[in-house]
Structures are given as structure tokens and as C-alpha cells.
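As a plain string of letters, each chain reads:
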Amino acid sequence: MIRRRMAAVAIAFAAAVAVAGCGGDTILASGDGAADRPADGTDADVAAEATDGGTDGDGSSADWSWPDVVPDHVELPPPLETPQCGDGTVDEGEECDDRNRLNGDGCDWLCRLGDGEPPAEPDPGVPPYEASGPPVPVSDEGPFDPGWERLPLTWNGTEFATVFHENADVGYPIRFRRFGVDGLAILPDWTYPTMSLVPGLELVWTGSGYGLFYVEMGWGVFYRRLDVDGKPLGGPVLVEPDPTSSGPAADLAGDGFLLTWRSGMAGGTCGGWDLPPASTRVRFVGIWGETSGDPIVVDAFAGGSPDVATGDAGFGVLAYVNSSPELPSCSQRFLHLSPDLSTRLPSGILSDGPGGDVKWVDGRYVVAWGHHDTHAGGASEACVAWFDDAGVMTGPPVCNLVTPSIGHDPVRVAAGDRGLALVSNGSGEIVFLRTDLRGVAIGSPGVVPDGGPAGPYNTVWADSGFAILYGNGSEIHEGILDAV
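Residues numbered from 1 in each chain as written. Predicted model: local features only at pLDDT ≥ 70, side-chain atom pairs only at ≥ 80, totals over all residues. Heavy atoms only, no water.

### Here we look at the pairing of strand S22 (residues 379–387)
How we decide: Type-normalised accessible area, obtained with a 1.4 Å probe on protein chains alone, sets the label of each residue: buried when under 20%, exposed when over 50%, and partly exposed for intermediate values. Strands are runs of DSSP state E lasting at least 2 residues, helices are runs of H or I lasting at least 4, and numbering of each runs from the N terminus. For two strands to pair, DSSP has to find at least two bridges joining them.
Across the 9 residues that make up S22, a large majority, 8, are buried. Bridge count between strand S21 (residues 364–373) and S22: 9 bridges; the pairing is antiparallel. Within S22, the residue paired with Tyr-365 across the bridge is Phe-387. Pairing analysis gives 4 bridges linking S22 to strand S23 (residues 398–401), with the strands arranged antiparallel.

### Quick notes on the side chain of His-165
Using the following cut-off: Between N or O atoms, a polar contact is any pair within 3.5 Å; within protein, one atom must be a potential hydrogen donor and the other a potential acceptor, and residues adjacent in sequence are included only when both atoms are from side chains.
Within the secondary structure, His-165 is located in strand S5 (residues 160–165). Within the structure, the side chain of His-165 is placed 3.0 Å from the backbone oxygen of Tyr-172, a separation counted as a polar contact.

### Let's talk about the pattern of salt bridges
Definition in use: Any Lys or Arg side-chain nitrogen found within 4 Å of a carboxyl oxygen on Asp or Glu counts as a salt bridge.
The full count for this structure, using the stated rule, is 11 salt bridges. A salt bridge links Arg-112 to Asp-108, with the nearest nitrogen and oxygen atoms 2.7 Å apart. On the basis of relative accessibility, which here comes to 34%, the residue Arg-112 falls in the partly exposed class. As a salt-bridge pair, Arg-418 and Asp-417 come within 3.8 Å of each other at their nearest N and O atoms. For Arg-418, a relative accessible area of 35% gives the class partly exposed.

### With respect to the confidence of the model for the chain
This is how the line gets drawn: Confidence scores per residue from the predictor, reported as pLDDT, run from 0 to 100. The contact criterion used is simple: two residues touch if any of their non-hydrogen atoms lie within 4.5 Å.
Residues with a pLDDT of 70 or more make up 71% of the chain, whose mean pLDDT is 78. Averaged over each element, pLDDT in the chain is lowest for helix H1 (residues 44–49) (40) and highest for strand S16 (residues 307–311) (97). Below pLDDT 50 for its whole length, residues 1–8 participates in 35 contacts with residues either more than four positions away or in separate chains. Taken together, the stretch residues 53–70 has pLDDT below 50 and engages in 32 contacts with residues farther than four places along the chain or on a different chain.

### Some remarks on the packing of aromatic side chains
Convention followed: Only the six-membered ring of Trp is used, alongside the rings of Phe and Tyr, when aromatic pairs are assigned; centres must lie within 6.5 Å, and planes under 30 degrees apart are stacked while those over 60 apart are edge-to-face, with the rest tilted. A ring is considered to have a charge above it if a Lys NZ or an Arg CZ atom is located within 6 Å of its centre and within 35 degrees of its normal.
Within the structure shown, the criterion is met by 14 aromatic pairs. Between Phe-160 and Phe-179, the aromatic rings sit 5.4 Å apart at their centres with planes inclined by 20°, giving stacked as the arrangement. On the criterion of sequence distance, the pair formed by Phe-160 in strand S5 and Phe-179 in strand S6 (residues 174–179) is long-range, its members being 19 residues apart. With respect to burial, Phe-160 and Phe-179 carry one shared label: buried. Judged by centre distance (5.8 Å) and plane angle (65°), the ring pair of Phe-284 and Phe-315 falls under edge-to-face. Taken together, the residues Phe-284 in strand S14 (residues 279–286) and Phe-315 in strand S17 (residues 314–321) connect sequence positions 31 residues apart. The ring of Trp-288 is capped by Arg-225, whose NZ or CZ atom sits 4.3 Å from the centre of that ring. Stacked on the ring of Trp-386, the Lys or Arg Arg-364 has its end atom at 3.7 Å from the ring centre.

### Observations concerning the sheet that holds strand S24 (residues 412–416)
Taking strand neighbours across the sheet as the criterion, the 4 strands line up as S24-S25-S26-S27 in an open arrangement whose pairing is antiparallel. Across the chains shown, the open sheet's two edge strands, defined by having one partner strand only, are S24 and strand S27 (446–447). Where strand S26 (residues 429–436) lies against S27, 2 bridges are found, and the strand directions are antiparallel. Following the sheet pairing, Phe-432 is matched in S27 by Gly-446.

### Section: the sheet that holds strand S15 (residues 296–299)
To keep things clear, this is the line we draw: As a rule, the C-alpha atoms of each element are fitted with a line to give its axis, helices using only the stretch in contact, and angles between N-to-C directions run from 0 to 180 degrees.
Taken together, the 4 strands give an open sheet; going across it, the order is S12-S13-S14-S15, and neighbouring strands pair in antiparallel fashion. Edge positions in the sheet fall to strand S12 (245–253) and S15, since each of these pairs with one other strand and no more. Neighbouring strand axes in the sheet, compared pairwise and without regard to direction, differ in orientation by 30° on average. The sheet contact formed by S12 and strand S13 (residues 256–263) spans 7 bridges and is antiparallel. Paired with Ala-249 across the strands is Thr-260, a residue of S13.

### Notes on the nonpolar core
Definition in use: Only buried Ala, Val, Leu, Ile, Met, Phe, Trp, Tyr and Cys residues count toward a nonpolar core, and they belong to the same one when joined by side-chain atoms within 4.5 Å.
Residues Val-384, Leu-420 and Leu-422 are the most contacted members of the largest nonpolar core, which totals 16 residues. If you list the elements that add at least two residues to this core, you get S21, S22, S24, strand S25 (419–426) and S26. When residues of this core are assigned to their parent elements, the largest contribution, 3 residues, is made by S22. Sequence-distant contacts of Val-384, that is, excluding residues within four places in its chain, are made with Val-366, Val-367, Ala-368, Trp-369, Pro-397, Val-398, Leu-420, Leu-422, Arg-438 and Gly-439. Ala-161, Trp-190, Leu-203 and Tyr-210 belong to the second largest nonpolar core, which has 15 residues in total.

Pasting the structure below:
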């Protein structure tokens, strides 16, 4: 395995055994998407903007120029707060409120005095998982990407796809790569020109292609529609002219997407910077990049990148809350939004700790995040909670001890056959934890071989197993956790 100074990408798979168980000019269009929509979806000029990575072409990136004018930034008022267990205020019907929804600390998940229900035992019908083999290199071109953001990973039923920044002579182009369960690339690749390396890439499978979201510093969030091979079907559309934006996440919503992002320069901290707090915002984006109306602030304090999942009766947003006089530490809060975004239901603070992930699974939202248990000497835990389609928590969060320590890196979750996979960065190594569907650990945390120094990472369920994609500072790897 060749080592390179640039970060690159790899994927690892793991198996559960029966007894024991990875050149052309860039188009900048308005948010209505009209200027980018080709008549037949195969416009030659649009296709010329991106390259095929050198398999049939020269692999060069398209021309790019910086904008002359920075778009206006629309400032919106913060959302109204709704009294909720976990908001730090003892409301009517509550016996206590210690600003979390955990059991075991004297104020339980429903804000009643006491420690709540005892921890659940693991489901005996779910086997633990272990890596089925060494990680498989997926790419050695990148990613030149901050390690604390997600590395996009999708599964379309037959193959995986990812995007990552490369470190080029000019700018930081985004490379789109498809690969099979064996980790081998399905060429050609496509590259799209960008000039800035702002944290946050998002790739969404639409059923007939992909939606790509990314940030250009000083401009905002851009969107590209791609076909099943990654070929662009239009030029880049500026869907959110917010020059302070970062960390975009999106999910399918009808004929388009619900986009969420962090707005504000203090979004990467949990106190310590003398800057205004960042906020978490959302807006609808059409399949061609159409937008209408202003973005909506759903959380007035954002300490990190949010995540979003579409449910049957609205949307679930996991917000990484920044420190403030009301919220004194980095914390996680789940927000349920109505289908028209007119109302929201906050969960209250779930607990302190690093960022997380949200998925819609079998009629419920599953939320995962990291927690540092002050009652256990600051031990690292990976926590899971479930919410119904109205955004109401259906039981106490389950937290599992994780070693090596996961520090301040997010926990990613994928749900599959009879259980979950939780993936994070543990002291420079990629660690994963297999749980049952309640979030109760099955076996001990595992370390992905050759998984450090850890960069960005992600996990998805791929019909018969969990895939883990991660950058280890030298390559991008894939790993699979196969189901029994």
C-alpha cells in the first residue's frame, strides 16, 4: 500500500460470523436554477465544465474565477423557544431539569427526580460484528479535507459513491468517484472546479442521479445536479448566498431537498471566541436548484455542522448547539420540523459532547452523538436516541462506553439488519460499535485496521452490511460489516 503526503480515501468492510460476529467556463446562476437547466439533460457545454478524471480526457479542471461582489447575507430573527424537558428550566409538570435527557444522573430523561429505568441488556439475537478483511484503498488523490467534517458516502442499491476535495495546482476541485463492494473504482470519475476548501460536502442519491452540495468561501452554498455516473446536468447554482455558511447537509424532500447548514463565523467553536454565535438554518431546494423565500433559522446557536433526515410527517434536524449564557457547553439538540417548516418541536438538550448524525429508519428517527460522562471521570460514550414521526422521544437515550476516547469528533450512524453501526474517531483511529436497534452495544468497540491518523469518515447500510469510508491521512479506505 503506497503512502502519500496528501490525504486520500479508502473503504473497509467487516463481516458478522455466526458465532462472533466497512474545461469550460463555470456558470454562476441565480437561485431559480433556470439558467442551468439543459433542454435535454445532455448539454455539451455543461458536460465540458467537468472532466472525467483522465480516463478518456486530460483530467484538467475547468476554468474558474472569483466573484467580484459578495452576495448580501440575510439576517433572520432567532426562532421562538418551546418549553421542553432538557432546556435547563423546570417547567410545569417537571420535577427537575439538568439540561440533558439522560438517565442515571439524578434527573431522568423525562425530567423526573431519580435515575430512571435501569440500562437495557443487549439483544441476545443480534451478533457482534468484526472486520472481514483489510481496508480497501478507494483513492489516492485526496481528500485534502478537514477531518472533523463528514466524508459523503451513498449506496444506490448496486454501488457506492463519494466526493472529496483534491489538492490541485489551482484551487481544490471536488472529485466524484463510484466504487463497488470490492472497493474498486467504477470509472470514469468526474471533477468539478472549486477554489476554496470550506468544511462540508454533501452527496444525496435521488433515485435517478445525485445532488451535490458544497461551499465556496465568501459566496455560500452551491448545488449541482448529477446523473447516475456523476456527469453534471447543469452548472453550479448558488442556492444560499450566505458568505459565512459551512457544513451543509441535505436529504430528499418531495421533488427536491431540504438543505440545512451552519451560518456564522463562530460555528466551529464552543466558546472562547469573541464572535457572535452561529445559527442552524434550513431551506428547500428544487431538483434543479430552484429556491424561493428566505432561509429559516431553526436554532439560534450552532457550535458545529447540523444533520437532517426526512420523515413521513416532516423533518428531523440534529443541531450542534454552541455555548451561550443559556447553553454553557457544546451540546446536541434534536428538532422536528413540520412539512412546511412553519412549526418545530425541540427535544431539549440531549447531552453535552461532540456532534452526531440522524437517519429515518422504519417510521422513526434514530439520532447518534458523542458524550463525555462526568459521572464516570469524563469517559467517552456513543449515545443513541429514537424519536417518533412527530419528533417525540420514545425512550431514554442509550450511551455505550467507547475506547479509545472519541474526543470532539462526531458519531456517524447507519441502521441495517437488526441493529446499528456507530463510527467515530477514537484518539486518531477509526472506531466502530455494533448495537442492537435500541442502541445497546453488542460486544466491544472495534478499531478499523490501518485507520489512523483518522480524517473524515462515514457509514451506510448497503443491503447486506455496513460500509465504513474514511480518510486516514494517506489514503481513503472502505470497510464492510456484513450481516448474517
